[in-house]
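Inside the fold
Spelled out, the chains give:
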Amino acid sequence: MAGVRDIRRRIRSVRNMQQITKAMKMVSAAKLRKAQQKLNAARPYAHQLQGVLERLAQAPGDTVHPLLIKRPVQKVVYVVITSDRGLCGGYNSNLIRKTVGLIAETPQEVKLVTVGRKGRDYFRRGKIEFLAEFVALGDDPSYNQAKEIAQKVVRLYEQGEADEVYLMYTEFVSAINARPTQVKLLPIETTEGKQRIQYIFEPSPEEILASLLPKYVETQIFRSILEGKASEQGARMTAMSSATDNAKDMIDRLSLIMNRARQAAITKEISEIVGGAAALD
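By convention here, each chain's residues receive numbers from 1 onward along its written sequence. With the structure being a predicted model, the display of local features is reserved for residues of pLDDT at least 70 and the display and counting of side-chain atom pairs for 80 or more, all residues being used for whole-chain, interface and lining totals. Here the side-chain values reflect all heavy atoms present in the structure, with hydrogen atoms and water set aside.

Short version of the rule: UniProt positions are given in the numbering used here, feature names are shortened, and annotations may be inferred rather than shown by experiment.
In the nomenclature of an unreviewed UniProt entry, the protein is known as ATP synthase gamma chain of Candidatus Desulfosporosinus infrequens. Per UniProt, the protein has the following entry under Sequence similarities (unreviewed entry): "Belongs to the ATPase gamma chain family." In its Function (unreviewed entry) section, the UniProt record describing the protein reads: "Produces ATP from ADP in the presence of a proton gradient across the membrane. The gamma chain is believed to be important in regulating ATPase activity and the flow of protons through the CF(0) complex."

**A closer look at the overall build of the protein**
Convention followed: Secondary structure elements follow DSSP: runs of H or I of four or more residues count as helices, runs of E of two or more count as strands, with numbering from the N terminus. Residue burial is assigned from relative accessible area. The probe radius is 1.4 Å, only protein chains are included, and a residue is buried under 20% of its type maximum, exposed over 50%, and partly exposed in between. Computed by Shrake-Rupley with a 1.4 Å probe, the accessible areas treat only the displayed protein chains as cover when residues are assessed. Charge assignment: positive for Lys and Arg, negative for Asp and Glu; neither His nor the chain ends contribute. We put the charge of a Lys on NZ, of an Arg on CZ, of an Asp on CG and of a Glu on CD.
For the protein, the helix and strand inventory stands at 5 helices and 5 strands. Counting helices and strands in the order they occur from the N terminus, the protein gives α-β-α-β-α-β-α-β-β-α. Counting only C-alpha atoms, the protein reaches 115 × 40 × 35 Å along its principal axes. Within the span of the protein, comprising 281 residues, buried residues form 40% of the whole. Accessible surface for the protein amounts to roughly 15700 Å². Of this, 53% is attributable to carbon and sulfur atoms. With 43 positive and 31 negative side-chain charges, the protein shows a spacing of 8 Å between the two charge centroids.

**Brief notes about the pairing of strand E4 (residues 164–174)**
Here is the rule we go by: Think of it this way: DSSP has to see at least two bridges between two strands before they count as a pair.
Counting buried residues in E4 gives 8 out of 11 residues, a clear majority hidden from the surface. For strand E1 (residues 75–81) and E4, the ladder comprises 5 bridges, and the chain directions are parallel. Residue pairing for E4: Val-80 is matched across the bridge by Met-168. Pairing of E4 with strand E5 (residues 177–186) involves 9 bridges; the strand directions are antiparallel.

**Digging into the sheet that holds E5**
Here is the rule: The angle between two axes is taken between their N-to-C directions and runs from 0 to 180 degrees, where each axis is a line fitted to C-alpha atoms and a helix contributes only its stretch in contact. Contacts are assigned to residue pairs that have any heavy atoms within 4.5 Å of one another.
Judged by pairing direction, the sheet is mixed, and its 5 strands sit side by side in the order E3-E2-E1-E4-E5 without closing on themselves. Across the chains shown, the open sheet's two edge strands, defined by having one partner strand only, are strand E3 (129–134) and E5. For this sheet, the mean angle separating the axes of adjacent strands, direction not counted, is 20°. Sheet topology note: the E1/strand E2 (residues 109–115) ladder contains 7 bridges and is parallel. Paired with Val-76 across the bridge in E2 is Val-110. Along the sheet, helix H2 (residues 91–105) contacts E1, E2, E4 and E5; its crossing angle with E4, the most-contacted strand, is approximately 150°.

**Quick word on helix H4 (residues 143–158)**
Applicable threshold: Between the first and last residue of a helix there are one fewer steps than residues, each counted as 1.5 Å, and that sum is the expected span. What the arc measures is the spread of directions leading from the helix axis to the C-beta atoms.
End to end, H4 covers 22 Å across 16 residues, agreeing with the expected 22 Å (1.5 Å per residue, within 8%). Those residues of H4 that fall on the buried side of the exposure criterion are Ala-146, Ile-149, Ala-150, Val-153, Val-154, Leu-156 and Tyr-157. The arc that holds the buried residues of H4, viewed along the axis, is 155°, so those residues lie on one side.

**Observations concerning the pairing of E2**
Short version of the rule: Whether a crossover is right-handed comes down to one check: with the strands pointing away from the viewer, does the path from the first strand over the helix to the second run clockwise; if it does, it is right-handed.
For E2, the tally of buried residues reaches 6 of 7 residues, placing the bulk of the element in the interior. A crossover connection joins E1 to the parallel E2 through H2; in handedness this β-α-β unit is right-handed. One ladder, built from 5 bridges, connects E2 with E3; its direction is parallel. Its bridge partner being in E3, Leu-112 is matched across the sheet by Phe-130.

**Notes on the nonpolar core**
Filter applied, for reference: In these notes, a set of buried Ala, Val, Leu, Ile, Met, Phe, Trp, Tyr and Cys residues joined through side-chain atoms within 4.5 Å is what counts as a nonpolar core.
Leu-53, Val-165, Val-217 and Ile-221 are the most contacted members of the largest nonpolar core, which has 46 residues in total. Contributing elements (two or more residues each) for this core: helix H1 (2–57), E1, E2, E3, H4, E4, E5 and helix H5 (205–280). For this core, the element with the highest residue contribution is H5, accounting for 12 residues. Dropping the residues within four chain positions of it, Val-217 is found in contact with Leu-67, Ala-150, Val-154, Leu-185 and Leu-186.

**Some points on H2**
Taking 1.5 Å of rise per residue, the 15 residues of H2 would be expected to cover 21 Å, and the 22 Å separating its terminal C-alpha atoms lies within 8% of that figure. Turning to H2, its buried residues are Tyr-91, Asn-92, Leu-95, Ile-96, Thr-99, Leu-102 and Ile-103. In an axial view of H2, the angular spread of the buried residues amounts to 125°, which keeps them on one side of the axis. Exposed and oriented more than 90 degrees from the buried face of H2 are Arg-97, Ala-104 and Glu-105.

Structure below.
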């Protein structure tokens, strides 16, 4: 019966883990709904702001701003947005793998700004220079946190530490589908081939750009963080759902093994009793 006791102890351990993964799945589902609401509110604003800036950049006249100036590309900065915690399937590994591939294909000098512990811990083992790192954003990141990151990125670009800046984040599609995505953040580019419509701006396009362009960078980073948070919660919910199902399957298999062991023990005892009775006769 010692084998049966060991199996029963293991079943109890797996059942405890199943309760934990089931609870984590429910928590992630609640956080996912909240993250989706914030993301759905941020997406239209970011899209419209980008359209306004493109029209401003196409306005007639000498519209010059430091964040619009294109320089010969010698230094490329990747802003990599990952999570602070694990247990979320391939969410972090997929984005890191895509970033590593892009870095390998980039002939220019590459530097990093990491958002999240997982990305920071991975790239810290390499030889790529870190310009900044941001961790502990929490499950409900605020606009002020994105603003702090944006101000750092803008300073790097204005000081010549970066000639191009790319955002690396995971775009949320659904709870079971998310895409590692690369977006060029700076310098802002206008869409070629669009029909130019003449707008009258008040005050001048230069003054509006000076006000809106830093806000554009902040908004794009904030939206990317929200995309990442929604993708993280979706990936964690899916991973915990799979873990719960796997625990159930393991409990079923262990229960079957335990029943066979008990049956074997009972059969052995009956055989011993019958054998002893026969010997007495």
